[in-house]
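# Structural description and commentary
Now for the letters of each chain:
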Amino acid sequence: MQKIFSAEQIRRADAYTIQHEPVSSVDLMERAATTCYEWIKAEMPEKRHIAIVCGTGNNGGDGLVLARLLSTCSSVETYILDFGKHSVDFDINLARLKQCQNAKIHCLGISDRLVIPADADLLIDAVFGTGLSRVAEGPYADAIVAMNRCRDALKMAIDVPSGLFADEHTPPVAAVFQADVTLTFQFAKQAFLFAENHHFVGNFVVLPIGLSQQYIDNEPTRRFLVDHISLPDKVVNRPKFSHKGTFGHVLLVAGSYGKMGAAILSARACLRSGAGLVTAHIPQQGVACMQPAFPEAMVSVDANNELFSAPPSGLERYNVVAVGPGIGTDETTIAALEQLLNRCTAPMVIDADAINCLAKSKNLIDDVPPNSIITPHYKEFERLAGIWADDFERMEKQRQFSLEHHVIVVFKGAHTTISFPDGSVFFNTTGNVGMATAGSGDVLTGIIAGLLAQGLSPQEAALCGVFLHGRAGDMAFADKGNSLIASDIVEGIAAAMKME
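Quick caveat: nothing in here was measured; it's all calculated off a predicted structure. (Residues numbered from 1 in each chain as written. Predicted model: local features only at pLDDT ≥ 70, side-chain atom pairs only at ≥ 80, totals over all residues. Heavy atoms only, no water.)

### Thoughts on the sheet that holds strand β11 (residues 277–282)
Two orientations exist for strands paired in a sheet by backbone hydrogen bonds: parallel and antiparallel. The 11 strands are arranged β1-β9-β18-β17-β16-β15-β14-β13-β10-β11-β12 in an open sheet whose pairing can be described as mixed. At either margin of the open sheet sits one strand with a lone partner, and together these are β1 (2–3) and β12 (298–301). Across the face of the sheet, helix α9 (residues 260–272) comes into contact with β10 (249–253) and β11 while running at roughly 170° to β11. Contacting β13 (320–323), β14 (348–351) and β15 (373–375), helix α12 (residues 352–360) runs over the sheet at an angle of about 80° to β14. (Pairing = 2+ DSSP bridges. Helix = DSSP H or I, 4+ residues; strand = E, 2+ residues; numbered from the N terminus. Contact = heavy atoms within 4.5 Å. Axes fitted to C-alpha atoms, helices over the stretch in contact; angles between N-to-C directions.)

### So, the environment of Ala461
You can see Ala461 is positioned in helix α16 (residues 458–480). Counting along the chain gives 187 residues from Ala461 to Gly274, while the straight-line C-alpha distance between them is 12 Å. Each residue touching Ala461, except ones within four places of it in the same chain, is listed here: Ile373, Ile448, Leu451, Leu452, Leu456 and Val466.

### A closer look at the sheet that holds strand β4 (residues 104–108)
Within the open sheet, the 7 strands sit side by side as β4-β3-β2-β5-β6-β7-β8. Their pairing is parallel. The two strands at the open ends of the sheet, each matched to only one other strand, are β4 and β8 (203–207). Pairwise comparison of adjacent strand axes, ignoring direction, gives a mean angle of 20° for this sheet. Relative to strand β5 (residues 122–126), strand β2 (residues 49–54) runs parallel, the two being bridged by 5 bridges.

### Here's the deal with the layout of surface pockets
One water molecule sets the probe size; rolling that probe over the atoms shows where empty space is left. Estimated volume of the largest pocket: approximately 1200 Å³. Elements that contribute at least two residues to the lining of the largest pocket include exactly β8, α9, α12, α15 (440–453) and α16. Among the elements that make up the lining of the largest pocket, the one with the highest residue count is α15 (4 residues). Taken together, the residues that form the lining of the largest pocket break down as 16 nonpolar, 22 polar and 7 charged. Here the second largest pocket defines a volume of roughly 960 Å³. Lining the second largest pocket are 40 residues; nearest its centre among them are Asn58, Asn59, Gly129, Thr130 and Gly131. Mapped onto the lining of the second largest pocket, the elements with two or more residues apiece are α1 (7–20), α2 (25–43), α3 (58–70) and α5 (138–148). Among the elements that line the lining of the second largest pocket, the one with the most residues is α1, at 6 residues. (1 Å grid on protein atoms, 1.4 Å probe; cavity = no way out; pocket = protein on both sides within 12 Å on 5 of 7 lines; lining within 4 Å. Points joined across faces, edges and corners; volume = space filled by probe spheres on them. Nonpolar A, V, L, I, M, F, W, Y, C, P; charged D, E, K, R; others polar.)

### Quick look at the pairing of β14
Going residue by residue along β14, you find Met348 and Ile350 tucked away on one face and Val349 and Asp351 tucked away on the opposite face as well. Bridging between β13 and β14 involves 3 bridges; their strand directions are parallel. Looking at the pairing, Val323 lines up with Ile350 of β14. Following the backbone out of β13, through helix α11 (residues 331–343) and into the adjacent parallel β14, one traces a crossover that is right-handed. Tracing the backbone out of β14, into α12 and back to the parallel element β15 gives a crossover that is right-handed. (Buried < 20%, exposed > 50% of the residue type's maximum accessible area, 1.4 Å probe, protein only. Right-handed = clockwise from strand over helix to strand, strands pointing away.)

Below, the structure is given as C-alpha cells:
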C-alpha cells in the first residue's frame, strides 16, 4: 500500500532526502531521469526518433538529463521553452547536454512556434512538474496545444502532464498535455486516479527514485494507493479441525421477479470467497431459480411471491447480513429494509437496490448500523449524496458521507475508492474495463460478505474484497477480454485468492 502525497509533501520529501541522505539536488535529478531512461529502453527500445520539450524549471531539468541519456542510443531533438526563470539544476544540465557531440538543442523564445518533427516516434513532455498552481497561459499554452496536435508519435509525460493540477480539479479550459503514458516519480498523484483526467494521464507508471523512506514512513496522509494486499492468515491457512460454522453464516437478502440472477451471482461469490454458509432470503418465485442454479446455498423464503417484503426471523443466527442485489425499490421493500436495518446487529453490506431504497427514503440512512459497508456505483451514490461538479468534489462528498454516517463507502469504478469513517481514502489498483458488465457489483457484494463472515473487520473486508474482486476480474480478462461476464469473475476468485 503506497501513500499518496500532495505536491507540497512531495517537495518536502525531495528536500528531506537531499538534506539527510545526503545527496545534491542535481544528483537526485540525475537519479530520477535515469529511472525514466531505463524504463523507456526496457519497454520501448524501438523508439529511435525522440522529441523532448522542456521548460526551464526542475521538470525541464529532468527532461535535459533524459535527453542526454537517450542521445547515446537514439536521435533526440530537445526543445527548450525559454520563456521564464531558469532553475539552478536546469542550467547545470543544459551545460552538460551541450557537451554531447550529438546534442540537438532548440531554444524557443516567446515569439517562436514549436514544431515537432514529422518523423518523431516518441514525444516527451517535461515542461511543468507537480508544482503548477495556475492554468498554463500564453506561449506555454500554445506549446502544449502544439504538442497535443502531434498525432503520429507516442506521447509521454515526465512526472505530471504539463498543465494538470496534481491536487485539485483542473479547469476544463486549461491547456493540458495529453499523454499516452506518464512516468511519475515515487508516488502516484491524486489527479491520476480520476476519470476526468484519464485522457491527460493515459497509463501511469510509478518509478521509485530513492526518496527518504524515513520521511515517507513518518509523513501523515489520509490518501493511499492499494497496489498489493495479502489476505489475512485466518482466510488463507485454516485450522485442521475447522468446520463450516467456523467460517461464518451469511444472510443474503437479494432478488425479485426478473432479477434472480443478482442473488445467484452474489451467493456464489460469497461461498467462493470462503464463507462457511450462505442463506439467500428470496421471494417465493425465486426458489425454482436459486436451488437448481446454486444448490450449495440454503434458502429462506419470503412471504411475498415477487419481492422482499419482510426480513426473516432469527437474524441473530447470522454473522453477516448483505442486502440489495436485485431487490427492487417497491414501497413494500423499502419498509422491509427499514425493519432489517433496525433489527440487524451483525455487520452489514448494503448494495444496489438497497442503496436506491436509502436514496428514496433518506431518513433510513440514520438506521444504518455503524461500520456498515455501502457499495454504490456512480448513479447510486449520486442519488444518495447529490450531484457533484468534478471528481475531486465527488471524493470529498464520499469522504464526508463516511465521516457523517460512520460507514464505509466503496465507490465502484476504475480505481474504486474506499472511504473510512476516520476520513481516510483508499484507491484500488486492480480491475479492468471488461468488468463494466451486468452483475459485477453483485459479485463484489458476495466477496465482501464472505470475507466478513470469516472474521475480517469491515475495514479489512472492504479493502481485501475490492482488491480480490479486481484481481479475479483481471485474471478473467486475460482469458475473455471484453467478452468477460460476471460469472467469469466468480470463477476467478479461487485463483485470485492464491496469488501473492
